[in-house]
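Residue-level structural notes
Okay, here's what each chain looks like letter by letter:
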Amino acid sequence: MLQIGDTLVSLDLAERFFCCDLDQCLGQCCIDGDAGAPITSAEFETLKRITPALKDELLPEARRVIDADGVGYVDEEGDLVTSIVDGRNCVFTCYAPGGKCLCAIERAFREGRCDFRKPVSCYLYPLRLTEYPTFTAVNYHRWKICRSAEKNGKEKGLRLYQFMKEPLIERFGKEWYDELCEACEAYLDEQK
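Residues numbered from 1 in each chain as written. Predicted model: local features only at pLDDT ≥ 70, side-chain atom pairs only at ≥ 80, totals over all residues. Heavy atoms only, no water.

**Digging into the packing of aromatic side chains**
The test is simple: The aromatic pairing rule takes the rings of Phe, Tyr and Trp, using the six-membered ring of Trp, and pairs them if the centres are within 6.5 Å, calling planes under 30 degrees apart stacked, those over 60 edge-to-face and the rest tilted. For the purposes of this entry, the term helix denotes a DSSP run of H or I that reaches at least four residues, the term strand denotes a run of E that reaches at least two, and both are numbered from the N terminus.
Under the criterion given, the structure shown has four aromatic pairs. Where phenylalanine 18 meets phenylalanine 163, the ring centres are 5.5 Å apart and the plane angle is 55°; that geometry is what we call tilted. Of the two residues, phenylalanine 18 sits in the loop between α1 (12–15) and α2 (22–25) while phenylalanine 163 sits in helix α8 (residues 160–163), which places them 145 residues apart along the sequence. Taken together, the ring pairs connect Phe18, Tyr140 and Phe163 into an aromatic cluster.

**What to know about the side chain of serine 148**
Under the convention used in this document: Residue exposure (1.4 Å probe, protein chains only): buried if accessible area is under 20% of the type maximum, exposed if over 50%, otherwise partly exposed. The contact definition used throughout considers only heavy atoms, calling two residues in contact when any of these lie within 4.5 Å.
Position of serine 148 relative to the elements: it lies in helix α7 (residues 147–156). Overall, serine 148 belongs to the buried group, its relative accessible area being 18%. In this structure, serine 148 is in contact with Asp21, Gln24 and Cys25, ignoring residues within four places of it in sequence.

**Section: the nonpolar core**
The line we're drawing: By convention a nonpolar core is built from buried Ala, Val, Leu, Ile, Met, Phe, Trp, Tyr and Cys residues, the set being connected through side-chain atoms within 4.5 Å.
Residues Val9, Leu13, Leu127, Leu168, Trp176 and Leu180 are the most contacted members of the largest nonpolar core, which totals 26 residues. For this core, the secondary-structure elements that each account for two or more residues are β1 (2–4), α1, β10 (136–140), α8, α9 (165–172) and α10 (174–191). Setting aside chain neighbours within four positions, we find valine 9 in contact with Met1, Leu2, Ile4, Val138, Trp176 and Leu180.

**Considering the pattern of salt bridges**
How we decide: When a carboxyl oxygen of Asp or Glu is within 4 Å of a side-chain nitrogen of Lys or Arg, the pair counts as a salt bridge.
Counted under the stated rule, the structure contains 14 salt bridges. Here arginine 107 makes a salt bridge to glutamate 57, at a shortest N to O gap of 3.4 Å. One end of the pair, arginine 107, is in helix α5 (residues 104–110); the other, glutamate 57, is in the loop between α3 (41–54) and α4 (60–69), and 50 residues separate them in sequence. Among the salt bridges present, the one from arginine 110 reaches glutamate 106, with a minimum N-O distance of 2.8 Å. Taken together, the residues span about one helical turn, with arginine 110 and glutamate 106 both in helix α5 at a distance of four residues. When its relative accessible area of 64% is taken as the criterion, arginine 110 is described as exposed. Given the relative accessible area of 12%, glutamate 106 is considered buried. Linked through salt bridges whose partners overlap, the residues forming this network are Glu57, Arg107, Glu111 and Arg113.

**Here's the deal with α10**
Convention followed: What a helix should span is 1.5 Å times the count of its residues minus one.
Along its 18 residues, α10 runs 26 Å from first to last C-alpha, staying within 8% of the 26 Å computed at 1.5 Å per residue. When we look at burial in α10, the residues that qualify are Trp176, Tyr177, Leu180, Cys181, Ala183, Cys184, Tyr187 and Leu188. Next to the buried residues of α10 lie β1, β2 (7–9), α1, α8 and α9.

**Comments concerning the sheet that holds β2**
Backbone hydrogen bonds hold the strands of a sheet together, and the pairing may be parallel or antiparallel. What counts here: Pairing between two strands is assigned when DSSP locates at least 2 bridges connecting them. To get an axis, fit a line to the C-alpha atoms, keeping to the stretch in contact for a helix; angles then go from 0 to 180 degrees between the N-to-C directions.
Here we have four strands laid out as an open sheet, ordered β1-β2-β10-β9, and mixed in their pairing. Unpaired on one side and paired on the other, β1 and β9 (127–131) mark the two borders of the sheet. In this sheet, adjacent strand axes meet at a mean angle of 25° when their direction is disregarded. As paired strands, β2 and β10 are joined by three bridges and run parallel to one another. Residue pairing across strands places leucine 8 opposite alanine 137, the latter belonging to β10. Against the sheet, α9 makes contact with β2, β9 and β10, and its axis sits at roughly 20° relative to β9, the strand it touches most. Packing against the sheet, α10 makes contact with β1 and β2, and its axis sits at approximately 155° to β1.

**A closer look at the environment of alanine 53**
Its place among the elements puts alanine 53 in helix α3. Separated by 52 residues in the primary sequence, alanine 53 and isoleucine 105 have C-alpha atoms spaced 9.3 Å apart.

Written out as structure tokens, the structure is:
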């Protein structure tokens, strides 16, 4: 583990290569799972505010779920998460030709139709944060659907901490990220 301020960062961020490859995985991380994406109460309120601007591009069943149950719920573990459709799709998924799953929120953000990119848990994915009383753990959620991203990252020579630069800066700040880069590079030099 690397300690950066009050965070403990998995060595996977330095050791693993990673670069999302949507053409291969088709956005499976927004579909597979047993609950929606973790969200904060502030994000829950933001999602309620921006949903009217997104509704036309959501799946018909997603619109029905949102109308009946809202944009989020508290799951079995007591976490606030986005609502899901048929036990799989996040209600904010939409699909491009060829079956590629996309995020309607991020699409609207990139097109300037809303001021919110997406929940931070989604932006940081495949990283997962666990908050403890005195520190935050930053871990890589490794699973089979990201194998193409690991292969793509290796081909490009892009490490996980490098690929995740923007979301890590958004969550922890530029100074924290610069310290992470120094720690990762020092660790990798020691391994040579």
